[in-house]
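Structural description and commentary
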Amino acid sequence: MTTIEKAKEKIQENGFLDIEVSEKIDYVEEINKLRKEKNAVILAHYYQEDAIQDIADFVGDSLALAQKAAKTNADIIVFAGVHFMAETAKILNPTKKVLLPDLKAGCSLADSCPPADFAAFKKQHPNHLVVSYVNTSAEIKALTDIVCTSSNAEKIINSIPKDQPIIFAPDKNLGSWLIKKTGRDMLLWDGACMVHEAFSIEKILNLYAENPDAEIIAHPESQDHLLKVAKYVGSTSGLLNYVKNSDAPKFIVATEVGILHKMRQESPDKILIPAPVDDDNCNCSECFYMKMNTMKKLYLCLKYELPFVEVDAELSKKALIPIERMLELSK
Ligand code: 13P
Ligand code: SF4
C-alpha cells in the first residue's frame, strides 16, 4: 500500500491526510497553483491562523461566509473554518465538493446541543418557533425554523411576530443578550462556547483601570458580566468595523485572538489588547478547533480533495429551509 493510500485509509481516524511534505515546499505557491487548476475558492473565518487568512479568496464572519458560499461559481469550496461552517456550505451546494482541512475541527458550542436532547426539548414546547444560531449541526438545523448568526440575530428575532413564543438555541449568552436587546422573552437552550466563557472579568477590569483610554469590546457569546461592561458588543465583522470607526486609540478585545490579525491590518494606528483569560497557563482565547487547520492541511486537502464534508440528502433538504430563510431575511 502506498503512503497516500494508507493516509486515505486513516482519514476518518485522524480527521486529515497525514502525509509528509518536503521541508522546502512553498505552500503559498502550491496552493495558488492548485486552486487555479481546480477552480477552487478558499473561504476563511477571522479566527484562522494568519497565513490561512492571507491566502484565502475571502475572509469573513459566519454570515458573510454562508452568503459567499451560496453564490460561488467555483467547482470546489475549501472551507478554512470549523465543521458547522463547511457543513452549511455543503447544504447550500449539495452538488459541489466542500473540503475541510481537518474534519475534527468542531465547535464546543455546536457540541453543547445534542440533537436527541434538543428534539425532546422542542417536543415539550410545541407552540414555540425555533431560532438556532448557525453554530449547530445539520441535525439541529433540520429541527429549526430560522437560522441566525451574531450579525443578524437581532434583526431575525425582531422579524418574528411579538405574540409568537421562541426557543433560542444553543448559546445561552447570545440568547440572554438578545432578550435584553429585543425585549422578547425567549426560552434558552443551556449551551455555551468554551473560548468566550474563558475570559476573566476581574483581569479585564484591572486592565481597563490601567488603560482608561481603552474601550472594551466583546463578542455576544461572552458572559453577561462581560457584555455589561463592554462599550460595544457585536459579531466578528461588527467588532472589526467598530474598531475602524471608533475614535478611541485602544481596545480590549474579548473574542478569539485570531481576529487581531485582520484588525491590525484594517486599523494599524489602533492599540489592540487581547482580553485576558482566567487560566494563565492556557491559550484559552485561541479556539482549539479553529486552529486545527494549518497551511499544510489546507495544501493537502486541496491537492487530494480530501477530506470532504458529506450531509445526508434528506437531512440536507430539511436543514436548507431555515438557512435559506436566514439568507432571505439578511438581504
Ligand atoms: P461570527 O459569526 O461573529 O464570525 O462568530 C462565529 C463564531 O464561531 C464565534 O465564536
Ligand atoms: Fe465554536 Fe467557540 Fe470556536 Fe466559535 S470560538 S468556533 S463558538 S468553539
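Residues numbered from 1 in each chain as written. Chains lettered and ligands numbered in written order. Predicted model: local features only at pLDDT ≥ 70, side-chain atom pairs only at ≥ 80, totals over all residues. Heavy atoms only, no water.

On to the sheet that holds strand β9 (residues 214-218), then. Remark on secondary structure: sheet strands pair via backbone hydrogen bonds, oriented parallel or antiparallel. Read from one edge to the other, the open sheet built from 4 strands follows the order β10-β9-β11-β12, with strand pairing classed as parallel. The two strands at the open ends of the sheet, each matched to only one other strand, are β10 (232-233) and β12 (271-274). Alignment of β9 against β10, held across 2 bridges, turns out to be parallel. Bridge pairing in β10 places isoleucine 217 opposite tyrosine 232. Lying on the sheet, helix α15 (residues 259-266) is in contact with β9, β11 (250-254) and β12; it crosses β12 at an angle near 175 degrees. (Pairing = 2+ DSSP bridges. Helix = DSSP H or I, 4+ residues; strand = E, 2+ residues; numbered from the N terminus. Contact = heavy atoms within 4.5 Å. Axes fitted to C-alpha atoms, helices over the stretch in contact; angles between N-to-C directions.)

A few words now on the environment of glutamate 23. Within the fold, glutamate 23 resides in the loop between α2 (11-14) and α3 (27-38). Along the primary structure glutamate 23 and leucine 239 are separated by 216 residues, whereas in three dimensions their C-alpha atoms are 37 Å apart.

The next point concerns the site of ligand 2. Around ligand 2 sit Tyr47, Val82, Cys107, Ser108, Leu109, Asn135, Cys193, Val195, Glu221, Cys287 and Met290, and that is every residue in its neighbourhood. Here the shell around ligand 2 is composed, by residue class, of 8 nonpolar, 2 polar and 1 charged. (Near = heavy atom within 4 Å. Nonpolar A, V, L, I, M, F, W, Y, C, P; charged D, E, K, R; others polar.)

Glancing now at the site of ligand 1. In the vicinity of ligand 1, the residues found are His45, Tyr47, Asp61, Ser62, Tyr133, Asn135, Ser150, His196, His219, Glu221, Ser235 and Thr236. Residue histidine 219 places a side-chain N or O atom 2.8 Å away from an oxygen atom belonging to ligand 1. Between ligand 1 and threonine 236, the relevant distance is 2.6 Å, taken from an oxygen atom to a side-chain nitrogen or oxygen of the residue. Here ligand 1 has 310 Å² of accessible area as a free molecule, and 96% of this is covered by the chains. Residue composition of the shell around ligand 1, by class: 2 nonpolar, 8 polar and 2 charged. (Polar contact = N/O pair within 3.5 Å; in protein donor to acceptor, adjacent residues only side chain to side chain. Areas by Shrake-Rupley, 256 points an atom, 1.4 Å probe, with all protein chains shown as cover.)

Quick look at the state of the cysteines now. The tally for this structure, following the rule as stated, stands at 1 disulfide. Bridging cysteine 282 to cysteine 284, the disulfide has an S-S length of 1.5 Å. Relative accessible area serves as the criterion here: at 26%, cysteine 282 is assigned to the partly exposed category. (Disulfide = S-S within 2.5 Å. Buried < 20%, exposed > 50% of the residue type's maximum accessible area, 1.4 Å probe, protein only.)

Next up on the list: the pattern of salt bridges. One pass over the full model with this rule turns up 15 salt bridges. The closest approach of N and O atoms between aspartate 224 and lysine 228, which form a salt bridge, is 3.2 Å. Residue aspartate 224 and its partner lysine 228 are located together in helix α13 (residues 224-229), separated by 4 residues, close to a single helical turn. Looking at aspartate 224, the relative accessible area reads 31%, which means it is partly exposed. A salt bridge links glutamate 314 to lysine 317; the shortest N-O distance between them is 3.3 Å. Taken together, the positions of glutamate 314 and lysine 317, both in helix α17 (residues 313-329) and 3 residues apart, correspond to about one turn of that helix. Judged by its relative accessible area of 54%, lysine 317 is exposed. Taken together, the salt bridges that share partners define one network made up of Lys38, Lys97 and Glu305. (Salt bridge = Lys/Arg side-chain N within 4 Å of Asp/Glu carboxyl O.)

Looking now at the pairing of strand β1 (residues 40-45). Buried residues dominate β1, accounting for 6 of its 6 residues. Of the pairings in the sheet, the one linking β1 to strand β3 (residues 76-80) comprises 5 bridges and is parallel in character. Note on β3: the bridge partner recorded for isoleucine 42 is valine 78.

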